[in-house]
Amino acid sequence: MGKKVTVVGAGFYGSTTAQRLAEYDIFDTVVITDIVEGKPAGLALDLNQSRAIEGFETKIVGATTGPNGEGYEAIEGSDVVVITAGLPRKPGMSRMDLLETNAKIVRQVSENVARFAPNAVVIVVSNPLDEMTALAQIATGFPKNRVLGQAGMLDTARFSNFVAEALGVPVKSVTTLTLGSHGDTMVPVPSRSSVDGKPLRDVMPAEQIEDLVVKTRNGGAEVVALLKTGSAYYAPSAAAARMAKAVAEDSGEVMPVCAWVDGEFGISGVYLGVEAELGAEGVKRVVTTELDADELASLKEAAEAVRAKQADVANM
Ligand SMILES: NC(=O)C1=CN([C@@H]2O[C@H](COP(=O)(O)OP(=O)(O)OC[C@H]3O[C@@H](n4cnc5c(N)ncnc54)[C@H](O)[C@@H]3O)[C@@H](O)[C@H]2O)C=CC1
Ligand SMILES: CC(=O)C(=O)O
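Residue numbers restart at each chain and count upward from 1, following the sequence in its written direction. The naming scheme follows written order: chains are lettered A onward, ligands numbered 1 onward. Side-chain atom pairs in this predicted model are given and counted only at pLDDT of 80 or more, local residue features only at pLDDT of at least 70, and totals for whole chains, interfaces and linings cover all residues. Values reported for side chains reflect all heavy atoms of the structure, with hydrogen atoms and water molecules removed beforehand.

As annotated in an unreviewed UniProt entry, the chain carries the name L-lactate dehydrogenase and is attributed to Micromonospora echinospora. UniProt positions are given in the numbering used here, feature names are shortened, and annotations may be inferred rather than shown by experiment. The heading Sequence similarities (unreviewed entry) in the UniProt record of the chain holds the text "Belongs to the LDH/MDH superfamily. LDH family." On record in UniProt, under Catalytic activity (unreviewed entry), the comment for the chain is "(S)-lactate + NAD(+) = pyruvate + NADH + H(+)".

And the structure:
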């Protein structure tokens, strides 16, 4: 049987993710759900009408869902579920300001996902990301490798874009990496960044690298401030869709994601931004790499910051 993917939440992030997943043309079915009556069905109708133009066979199904599992039959048999349900930031807000509101939403969605799609790999994108990923694992009760979060793909793509723009080189010649949290303790990793195979530190002065590190940490807030309503979704949906594709295709690709860390980098018992090999079971393994002493110290600081918050969400 062909693959099925569900996107929970039909807002900006969810609808663009559903579009990307459908246009890959690797799934039999893309399901999109929301609590808003009619919206998922309307988006599905619209996306299906693009099939003849874009030339893909994937069918899109829209379902309105309720808190007690109403409408969730639509997600049965999903191989992958991407959770985008939740409020986005307003200008001036931090991701952490969304904690309590989105925890209620993510818990309720996760419980229904566990009931109706018990074998799915869950990719969380709702903010604050590291905490919502931990909560989704608790609320689904799924093995930790089957619940992961999207942040590092996006933050890394932002860092690469800023480096390419600053040097005036093609973005494909740039490799960067970000680890840590999707927040203030994000850890862009210059020691693992390069341009045409040359270390970033050999082609860009240290102060300029530091400016781009700061710009990367503020990448999401910069978009929020310009949009005025809502947050980024084109780059975020590209990131989540790539992760869902890697899982569906059991590709073994290594990507920066929010994954359960259990001893790697000397860190244990926390969901954190690290590189991981993705496949049908979600995270196949966390991939470690040599880091400079200051980068490793920052990663450990990030782990402690998110560990404290992740303990709080267990009771939300
Ligand atoms: N991890 C990351 O890198 C990123 C995370 N985000 C986060 O993704 C989330 C979604 O962002 P947007 O789509 O832009 O917001 P949005 O406001 O456009 O859409 C959110 C949707 O969730 C729906 N929703 C609320 N409760 C629900 C429930 N119980 N079941 C199903 N759907 C429900 C709403 O009706 C709405 O349509 C936000 O929390 C945002 O902060 C956004 C960008 C990047
Ligand atoms: C919204 C968000 O988390 C971002 O754009 O990074």
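Following the structure, the description resumes.
Caption draft 1: How the structure looks around the environment of A311. Runs of H or I in DSSP of at least four residues are treated as helices and runs of E of at least two as strands, each being numbered from the N terminus. Looking at where A311 falls in the secondary structure, it is placed in helix 11 (residues 293-313). A311 gets classed as partly exposed once you look at its relative accessible area, which sits at 47%. Along the chain, A311 and K59 lie 252 residues apart, while their C-alpha atoms are 40 Å from each other. Here's how the labels work: a residue is buried when its accessible area is under 20% of the maximum for its type, exposed when over 50%, partly exposed in between, all with a 1.4 Å probe on protein chains only.

Caption draft 2: Seen up close, the site of ligand 1. Each residue is tested against the molecule or strand, and it is near if at least one of its non-hydrogen atoms lies within 4 Å. Not every one of the 29 residues close to ligand 1 is listed here, only the nearest: Y13, D34, L87, V125 and Q150. Buried and open spaces are told apart on a 1 Å grid over the protein atoms alone, a cavity being a set of points where a 1.4 Å probe fits but cannot get out and a pocket being an open set with protein on both sides within 12 Å along at least five of seven lines. Residues with an atom within 4 Å of a point are the lining residues. Placement in a cavity or pocket follows one criterion, namely that more than half of the molecule's atoms lie within 2 Å of its grid points. Put simply, ligand 1 lies in the largest pocket. Those elements giving two or more residues to the shell around ligand 1 turn out to be helix 1 (12-24) and helix 4 (99-116). With four residues, the top contributor of residues to the shell around ligand 1 is helix 4.

Caption draft 3: Spotlight on the sheet that holds strand 11 (residues 198-199). Here, strands pair whenever DSSP counts at least two bridges between them. Spatially, the three strands line up as an open sheet ordered 7-10-11, and their pairing is antiparallel. Where the open sheet ends on each side, the last strands, each with one partner, are strand 7 (174-175) and strand 11.

Caption draft 4: Representation of helix 11. Expected span of a helix: the number of residues minus one, times 1.5 Å. Between its terminal C-alpha atoms helix 11 stretches 31 Å, which fits the 30 Å expected from 21 residues at 1.5 Å a residue. Residues of helix 11 that are buried: E295, L299, A302, A303, V306, Q310 and V313. Viewed along the axis of helix 11, the buried residues span an arc of 110°, placing them on a single side of the element. Exposed positions of helix 11 whose direction lies more than 90 degrees from the buried face are A293 and E301. Taken from the helix axis, the directions to the C-beta atoms give the arc we talk about.

Caption draft 5: Up close: helix 10 (residues 234-248). In this model helix 10 runs 21 Å from its N-terminal to its C-terminal C-alpha over 15 residues, within 8% of the 21 Å that 1.5 Å per residue would give. For helix 10, the tally of buried residues reaches eleven of 15 residues, placing the bulk of the element in the interior. All buried positions along helix 10 are accounted for by P236, S237, A239, A240, A241, M243, A244, K245, A246, V247 and A248. Taken from the residues just after helix 10, D250 is the one with a positive phi, measuring 50°.

Caption draft 6: Looking closely at the layout of surface pockets. Grid points are joined across faces, edges and corners, and a volume is the space filled by probe spheres set on the points. One number sums up the size of the largest pocket: a volume of about 780 Å³. Counting residues per element, the ones that place at least two in the lining of the largest pocket are helix 1, strand 2 (27-34), helix 4, helix 6 (152-167) and helix 9 (219-227). Residues are grouped as follows: Ala, Val, Leu, Ile, Met, Phe, Trp, Tyr, Cys and Pro are nonpolar; Asp, Glu, Lys and Arg are charged; every other residue, Gly included, is polar. For the lining of the largest pocket, the residue count by class is 19 nonpolar, 15 polar and five charged. Here the bounds of each domain stem from an automatic or database domain assignment. Two domains share the lining of the largest pocket, each providing at least three of its residues, namely domain 1 (4-149) and domain 2 (152-314). Its volume calculated, the second largest pocket comes out at about 350 Å³. Of all the elements in the fold, those that place two or more residues in the lining of the second largest pocket are helix 5 (129-140) and helix 11. Of the residues in the lining of the second largest pocket, the class split is seven nonpolar, six polar and seven charged. Counting contributing residues, the lining of the second largest pocket receives three or more from each of domain 1 (4-149) and domain 2 (152-314).

Caption draft 7: Focus on the site of ligand 2. Every residue near ligand 2 is listed here: R95, N127, L154, R158, H182, G220, S231 and A232. At a separation of 2.8 Å, an oxygen atom of ligand 2 approaches a polar side-chain atom of R95. One of the side-chain nitrogen or oxygen atoms of R158 is found 2.7 Å away from an oxygen atom of ligand 2. Computed with the Shrake-Rupley method and a 1.4 Å probe, the accessible areas treat only the protein chains shown as cover for residues. Bound to the protein, ligand 2 loses 93% of the 220 Å² it would expose on its own. Side-chain atoms alone can form a polar contact between residues adjacent in sequence; in general such a contact is a pair of N or O atoms within 3.5 Å, and within protein one must be able to donate a hydrogen while the other accepts it.

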